[in-house]
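Structure assessment
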Amino acid sequence: MKKYILTCLLGIFCLSIAAQSDASLVSISAVQPDYENIPKEACDKLETTMQRLIAACGIANSTTDRFIMTARMDVLTREINSAGMIVQRMDMTFIIGDVIDEKIYGTTTINAMGIGATETKCLIQAFQTIKPNNEALVNLVNTAKDKILAYYTDNCHLVLQDADRMVGMQQYNEALAILVGVPKACEACYTTCQTKAVEVYKLLINNEGKQLIQKARSAWLVRRDYDCAEEALDILAQVNPNAPCQSEVKTLIADINRQLRNIEAAKAAAAKAQWEFKLKQYEDKMELERQKQEGWNALANRFGKIEIGYKKEKAYKFGSSSK
């Protein structure tokens, strides 16, 4: 079962690589930043142009990869023709590099021209003239690909060191980005880094899980009632089921269950004690009333006897005085 879980985890990190073509087994992302001199719509068109170029070269366009292709535009001339159209000539500099090591693998500059009623339309028309089979661009991509493969072949130990350094700082996502960026074509390094990625992934989900456990524990301790228990359980449900800290999750849930049972027992005991107290109060009150009644009856009987005797005495005097 453990081997099966590790295999599944390994598969997670192979997804970004598996989509690559058998021809290159290298992936490069087309990333175009927002420049002030390039409107957003034209910027998107330029990024699409680069994506088409990457695909035409048999290279996958992966948004999770460390290698990127980007472009910079330098306007050479700009004029308005007799028809009122904007005409621009520009140099487009294409760059391929490593965003983690901040290393450039190659650049090339090609000339482009666009005509349009607006600045945006002019640029879009210019970018459309850049063809995926442009020789300079194809050479750029292929040269960069060779350099990428050579880097991993010669520096796999540095890749692992970088990943370990990130792990040491608990920057697990960054470490994974380094490890899964290794092209499959570098078979030995790829296999080693994928195995390492599984280890780092387990550290990542375990670290995230521990944070969630602490959050759940804090939620439970607010009042330690059923509402807090439910909130804590919702948080614990977010812990990855394969995280090594799942044993801590089970321990916390068991502890919450135990405390809830104790609370119920305490409530039941308190309710029973309260009932017995009330019952004792009732019985005491009834006994007091019984005693009061007995005293009153005795007093009433005694007073009744005195009253009759008193009346007879008075009646005798009344009778004597009337003679």
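Residues numbered from 1 in each chain as written. Predicted model: local features only at pLDDT ≥ 70, side-chain atom pairs only at ≥ 80, totals over all residues. Heavy atoms only, no water.

This brings us to the confidence of the model for the chain. In this model, the chain carries a mean pLDDT of 84, and residues with pLDDT of at least 70 account for 81%. The secondary structure element of the chain with the lowest average pLDDT is helix α1 (residues 2–18), at 42, and the one with the highest is helix α7 (residues 187–221), at 96. (pLDDT = per-residue confidence, 0-100. Helix = DSSP H or I, 4+ residues; strand = E, 2+ residues; numbered from the N terminus.)

Right, let's get into the environment of I263. Along the chain, I263 falls in helix α9 (residues 246–321). As a C-alpha pair, I263 and R224 span 39 residues in sequence and 8.8 Å in three-dimensional space.

Working definition: the strands of a sheet are paired by backbone hydrogen bonds and lie parallel or antiparallel to each other. Read across the open sheet, the 4 strands follow the order β1-β2-β3-β4; overall the sheet is mixed. The open sheet is flanked by β1 (29–30) and β4 (103–116), the only strands paired with a single partner. Pairing geometry for β1 and strand β2 (residues 67–80), over 2 bridges, is parallel. Each bridged residue has a counterpart across the sheet, and for A30 the counterpart in β2 is M69. Its contacts with the sheet place helix α2 (residues 40–56) against β1, β2 and β3 (86–98), and it is angled at close to 130 degrees to β2. (Pairing = 2+ DSSP bridges. Contact = heavy atoms within 4.5 Å. Axes fitted to C-alpha atoms, helices over the stretch in contact; angles between N-to-C directions.)

The general pattern is negative phi for most residues beyond glycine and trans for most peptide bonds. Positioned with a positive phi, E102 is a non-glycine residue whose angle comes to about 55 degrees. Its place among the elements puts E102 in the loop between β3 and β4. Since its relative accessible area comes to 71%, E102 is described here as exposed. (Buried < 20%, exposed > 50% of the residue type's maximum accessible area, 1.4 Å probe, protein only.)

Time to look at the state of the cysteines. A complete count under the given rule lists 1 disulfide for this structure. Disulfide pairing is shown between C156 and C189; the S-S distance is 2.1 Å. With the S-S dihedral at roughly 90 degrees, the linkage between C156 and C189 falls on the right-handed side. Of this pair, C156 sits in helix α5 (residues 156–168) while C189 is found in helix α7, placing the two residues 33 residues apart along the sequence. Classification of C156 as buried rests on a relative accessible area of 15%. On the basis of relative accessibility, which here comes to 5%, the residue C189 falls in the buried class. (Disulfide = S-S within 2.5 Å.)

One pass over the structure, following the stated rule, counts 3 aromatic pairs. Pairing Y151 with Y152 gives two aromatic rings, centres 5.3 Å apart and planes at 75 degrees, and the pair type is edge-to-face. Per residue, the accessibility class of Y151 equals that of Y152, and both read buried. Ring-pair connections join several aromatic residues into one group, and the members of that group are F67, Y105, Y151 and Y152. (Phe/Tyr/Trp six-rings, centres within 6.5 Å; stacked < 30°, edge-to-face > 60°.)

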